[in-house]
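# Descriptive structure summary
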Amino acid sequence: MAMPQISSADQAKLQLMQEMEIEMMSDLYNRMTNACHKKCIPPRYSESELGKGEMVCIDRCVAKYLDIHEKIGKKLTAMSMQDEELMKKMSS
C-alpha cells in the first residue's frame, strides 16, 4: 500500500504547526515550572533535596496546572468548532 505524497506547501504547514506545538509546550512547561517553584519552594534553600512538603506541593501544583490547561484546551476547541459551524451556516 503506497503512502500518499504530501505537497511541499502541506509539508511546510505541517512543519510550522509542529514548531508552534513545540513552542507552546515549552512555554507551558516554563510557566508551570516558574509558578510551582515560586509557590512551593522557599527562596532560601535550607537543604539540597526537596522536602516531603515541597514535593507534595509541587505534585499538586503541576496536576492542577495541567488539569486547567486541558480544560481550557477543550473549551477553546469547542468554541472553535462552534465558530466553524456558524460560519458554515452563514455561508450556506
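The protein chain appears in an unreviewed UniProt entry as Mitochondrial import inner membrane translocase subunit from Drosophila gunungcola. Taken directly from UniProt, the Sequence similarities (unreviewed entry) text for the protein chain runs: "Belongs to the small Tim family."

### Focus on the state of the cysteines
For the coordinates displayed, the defined rule picks out 2 disulfides. The disulfide that involves Cys36 links it to Cys61, with 2.0 Å between the sulfurs. One quick way to see it: the torsion about the S-S bond of Cys36 and Cys61 is about -85°, and its sign makes the bridge left-handed. Residue Cys36 is located in helix H1 (residues 8-40), and its partner Cys61 is located in helix H2 (residues 52-91); the two are separated by 25 residues in the primary sequence. Across this residue pair, the class does not change: Cys36 and Cys61 are buried. Linked covalently through their sulfurs, Cys40 and Cys57 form a disulfide whose S-S length is 2.0 Å. A torsion of -70° about the S-S bond marks the disulfide between Cys40 and Cys57 as left-handed. Pair noted here: Cys40 is in helix H1 and Cys57 is in helix H2, with a separation of 17 residues, a long-range link. Should the bonded cysteines of the protein chain be numbered as they appear in the sequence, the pairing reads 1-4, 2-3.

Thresholds applied
- Residues take numbers from 1 onward in each chain, read along the sequence in its written order.
- Given that this is a predicted model, residues contribute local features only at a pLDDT of at least 70 and side-chain atom pairs are listed and counted only at 80 or more, while totals for whole chains, interfaces and linings are drawn from all residues.
- Only heavy atoms go into the side-chain values, all of them from the structure, while hydrogens and water stay out.
- UniProt positions are given in the numbering used here, feature names are shortened, and annotations may be inferred rather than shown by experiment.
- Working definition: a disulfide is two cysteine sulfur atoms within 2.5 Å of each other.
- Comment: elements are numbered from the N terminus, with helices defined as DSSP H or I runs of at least four residues and strands as E runs of at least two.
- Exposure categories follow from relative accessible area, calculated using a 1.4 Å probe and restricted to protein chains: below 20% of the type maximum is buried, above 50% is exposed, and the middle band is partly exposed.

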